[in-house]
Amino acid sequence: MQGAIARVCMVMVTAILNHPLLFPRENTTLPEQDEELMARMREHEERLNMEQARLEKELSQLDSKPPETCSEDCYGWYFWTTLSLIIFFTIEVYRLDLVDMDVRPIEDEDIFAEGGSITSRTLVLDKVILSNFCDRCTYTSAHENWRVREFVEGFADDLLESLRSVCDREVDMEVGDFVGIGSMFESWKVSKPLMCDLIVPFSPPEPYSYQFHLWCSPSSDMAPDMQGCGMIKVTRLEENEEDCLCGSANLGEDMLCLLHAKNDNLRVDHSPDELLCSKNTPYLAKDQVMKWFQISVTKAWGRICHKYEFEVTFRNLDAPGALKIRFRSGKVIVMNIIPVVQLEDTDAYFVSHFPSDCSSSPDPYWSLSFAVYERNLLKHVAKSLPENSCHLHCLQLVTFLHKKQTGLTGKSALTNYHLKTALLHLLISKSPSRWGIENMEHRFRDVLGFLQRSLQEKRLHHVLIGNSQVPEEVQVPDIFHMSEPINLFRPLVLQRELYADTVRHFQEMLRNAPALIQEYMPLLPNGGIHHRVDGL
């Protein structure tokens with residue numbers, strides 16, 4: 001028996017260690033190995049068949065022995081056979097993962113090598129032009145952005161107050177105060193037109209409430225492509241008469257229940273459409289919410305339009321709060337008022353849509369936004385940076401290049417949010433002293449290099465979810481802090497054509513960077529700079 005077990009183990013070890021894909025030769029690709037690989041596999045198959053025949057013969061001899069003499073040996077045989085098979089299966093699965101990891105970078109390197117081998121380190125940058133770009137961004141931000149924010153905040157307050165007045169408090173959703181997010185409120189907006197993003201939380205009418213089902217909750221069964229999303233269930237606060245005497249006892253007309261008002265029994269049930277739910281489900285629907293919000297905003301503007309001397313239009317019918325304000329002077333300000341649902345008592349919000357997102361998750365899945373936490377992270381990190389730091393200038397420059405390249409070659413999967421995520425990763429991993437303005441060129445190259453490596457690996461993790469480097473002062477909820485990281489580049493793993501287009505976009509952006517910066521930063525003969533605010 002021991003000899004048979006030893007032979008089984010030896011066969012498995014030999015098959016694993018001599019497998020042609022376990023230790024492939026270096027500097028080779030799979031197409032070059034096909035013939036040799038098949039020959040070696042046939043040779044090993046014949047050898048294993050011979051060993052199998054020998055083992056079957058020995059096992060048949062063991063089976064012919066009396067049953068009473070093999071009780072303990074049989075249990076030992078089953079145990080060692082099962083253990084060997086488990087080890088064999090585990091090593092095979094791990095081997096396949098290694099093979100995938102070895103093969104994929106070869107294909108990805110081919111994509112990177114199609115248009116040349118330019119990198120962040122070989123990129124030629126003029127320090128004088130970079131310095132002028134920083135000066136121009138500072139000039140624009142200091143002289144215009146704060147005035148735009150002040151106007152937008154005042155107008156949004158007036159518009160939302162008008163919206164509340166046109167809503168029926170017994171039937172319609174309750175609208176809260178807006179929260180400013182994004183580049184304009186984080187002081188790194190640089191391109192025209194000036195755009196402000198505002199999120200507006202809403203809640204259901206009484207006696208309804210929301211229950212949240214997150215992708216990272218222990219009982220969640222959401223698909224992997226729904227990471228970062230959740231579902232919002234509309235529930236009614238059921239009143240249990242057994243827990244309160246007012247439902248079963250006659251208290252008299254002069255007695256009042258402190259838990260239930262007199263008009264509680266007068267409330268009527270709302271239909272799913274009134275509660276903005278998906279058809280035949282109790283889950284909140286984004287399409288229904290956006291339709292309700294667009295109608296409400298249109299009515300609200302109609303009540304106050306006589307007070308203002310500018311024109312307000314909807315930029316995008318698919319985004320109900322995408323407003324375009326045009327003054328008589330021709331100046332344009334863009335506002336994105338986004339209806340959201342606050343996640344309990346946190347600063348995380350379920351977002352109906354993102355202004356720059358063309359392929360949002362389907363109903364009833366809502367994407368979760370951590371924009372408030374990201375703004376707090378920027379503020380917290382800025383406290384330890386040098387007085388004249390370059391971190392926002394790096395983000396302004398890379399988003400400027402991305403926008404200009406998008407105008408030349410069209411949209412790609414790369415977004416400003418990816419660029420901001422790369423900067424935040426670097427901010428919490430590098431020493432604060434290295435972010436002085438004198439290091440602008442090096443930090444800018446770091447951001448581009450981080451993005452290039454992330455694209456090559458098809459992996460860019462969310463900066464807040466599952467990241468132990470995030471400072472405790474940001475107060476990210478534990479359920480997200482302890483969760484598994486989310487790969488923002490997951491669509492690039494699943495869609496090869498999209499990945500190739502995104503890589504080409506990034507490579508072209510690197511190649512055109514010196515020309516784009518110099519074209520939009522004209523120098524004066526004395527080395528000064530034209531402060532053309534309309535140029536960006």
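Everything below is about the structure shown above.
Residues numbered from 1 in each chain as written. Predicted model: local features only at pLDDT ≥ 70, side-chain atom pairs only at ≥ 80, totals over all residues. Heavy atoms only, no water.

Peer 1: Would you explain helix α10 (residues 440-457) in this entry?
Peer 2: The periodicity of an α-helix, 3.6 residues per turn, causes residues three or four positions apart to be oriented the same way. Between its terminal C-alpha atoms α10 stretches 26 Å, which fits the 26 Å expected from 18 residues at 1.5 Å a residue. In terms of burial, α10 is largely enclosed, as 14 of its 18 residues are buried. Just downstream of α10 lies K458, where phi reads positive at about 55°. (Helix = DSSP H or I, 4+ residues; strand = E, 2+ residues; numbered from the N terminus. Expected span 1.5 Å × (residues − 1). Buried < 20%, exposed > 50% of the residue type's maximum accessible area, 1.4 Å probe, protein only.)

Peer 1: Teacher, can you tell me more about unusual backbone geometry here?
Peer 2: Note that the residue after E206, namely P207, is joined by a cis bond; omega there is 5°. Inspection of the secondary structure puts P207 in the loop between β3 (194-203) and β4 (208-214). The omega angle of the peptide bond from D363 to P364 is 5°, so this bond is cis rather than trans. With respect to the helices, strands and loops of the structure, P364 is situated in the loop between β9 (349-351) and β10 (365-369). The phi angle at Q475 is positive, at roughly 60°, despite the residue not being glycine. With respect to the helices, strands and loops of the structure, Q475 is situated in the loop between α10 and α11 (478-481). Judged by relative accessible area, which is 61%, Q475 ranks as exposed.

Peer 1: What should I look at first to understand the environment of L488 in this one?
Peer 2: By the secondary structure assignment, L488 is in the loop between α11 and α12 (490-494). The spatial distance from the C-alpha of L488 to the C-alpha of T421 is 9.5 Å, given a sequence separation of 67 residues. When residues no more than four places from it in sequence are discounted, the contact partners of L488 are Y417, H418, T421, L460, H461 and H462. (Contact = heavy atoms within 4.5 Å.)

Peer 1: How do you make sense of the packing of α10 against helix α13 (residues 496-519) when you look at a structure like this?
Peer 2: Any two packed helices are characterised by how steeply their axes cross, that is the angle between the axes, and by the distance between the axes. Contact pair α10 / α13: the axes reach a minimum separation of 11 Å and the direction vectors enclose 160°. Relative to α13, α10 is oriented roughly antiparallel. Handedness of the α10/α13 crossing: left-handed. Side by side, α10 and α13 meet where L448, L451, Q452, L455 and Q456 of the first sit next to Y499, T502, F506, Q507, M509 and L510 of the second. Partitioned by chemical class, the residues of the contact of α10 with α13 number seven nonpolar, four polar and no charged. (Axes fitted to C-alpha atoms, helices over the stretch in contact; angles between N-to-C directions. Parallel < 35°, antiparallel > 145°, perpendicular 65-115°, else oblique. Left-handed = near helix turned anticlockwise from the far one by under 90°. Nonpolar A, V, L, I, M, F, W, Y, C, P; charged D, E, K, R; others polar.)

Peer 1: Just to check I follow, could you spell out α13 for this structure?
Peer 2: For α13, built from 24 residues, the straight-helix expectation of 34 Å at 1.5 Å per residue is met to within 8% by its first-to-last C-alpha distance of 33 Å. Along α13, the residues that are buried comprise Y499, A500, T502, V503, H505, F506, Q507, M509, L510, A513, L516 and I517.

Peer 1: It is not clear to me how the packing of aromatic side chains should be interpreted in this structure. Could you clarify?
Peer 2: What characterises a pair of aromatic rings is the spacing of the ring centres plus the angle enclosed by the ring planes. By the definition in use, this model includes 16 aromatic pairs. A centroid spacing of 5.4 Å and a plane angle of 10° characterise the contact between F212 and F350, whose relative ring orientation is stacked. Residue F212 is found in strand β4, and its partner F350 is found in strand β9; the two are separated by 138 residues along the sequence. Between the aromatic rings of F370 and F480, the centroid separation amounts to 5.0 Å while the plane-to-plane angle is 85°, which identifies the pairing as edge-to-face. Here F480 lies in helix α11 and F370 lies in the loop between β10 and α7 (371-382), a separation of 110 residues in the sequence. For F370, a relative accessible area of 3% gives the class buried. Grouped by ring-pair contacts, the aromatic residues F151, F155, W301, Y308, F310 and F327 constitute a single cluster. The positively charged end of R236 is found above the aromatic ring belonging to Y208, 5.7 Å away from the centroid. (Phe/Tyr/Trp six-rings, centres within 6.5 Å; stacked < 30°, edge-to-face > 60°. Lys NZ or Arg CZ within 6 Å of the ring centre and 35° of its normal.)

Peer 1: What should I look at first to understand the pattern of salt bridges in this one?
Peer 2: Working definition: two side chains of opposite charge can pair if their charged atoms are close together. Enumeration according to the criterion identifies 13 salt bridges in this entry. Put simply, E441 and K127 hold a salt bridge, and the shortest N to O gap is 4.0 Å. One end of the pair, E441, is in helix α10; the other, K127, is in helix α4 (residues 127-166), with 314 residues separating them in the sequence. Across the salt bridge formed by D177 and R164, the nearest N and O atoms sit 3.2 Å from each other. Highlighted residues: D177 in the loop between β1 (174-175) and β2 (179-181) and R164 in helix α4, separated in sequence by 13 residues. On the basis of relative accessibility, which here comes to 58%, the residue D177 falls in the exposed class. Its relative accessible area of 23% is what places R164 among the partly exposed residues. Where salt bridges share partners, they join R121, K430, R443 and D446 into one cluster. (Salt bridge = Lys/Arg side-chain N within 4 Å of Asp/Glu carboxyl O.)

Peer 1: Just checking my understanding: could you explain the packing of helix α9 (residues 416-429) against α10 for this structure?
Peer 2: One can describe the packing of α9 onto α10 by two numbers: an axis separation of 9 Å at closest approach and a directional angle of 115°. As judged from the angle between their axes, α9 and α10 are roughly perpendicular. Handedness of the crossing formed by α9 with α10: right-handed. Residues H418, L419, A422, L423, H425 and L426 of α9 lie in contact with α10, whose contacting residues are D446, V447, F450 and L451. The residue makeup of the contact of α9 with α10, split by class, is seven nonpolar, two polar and one charged.

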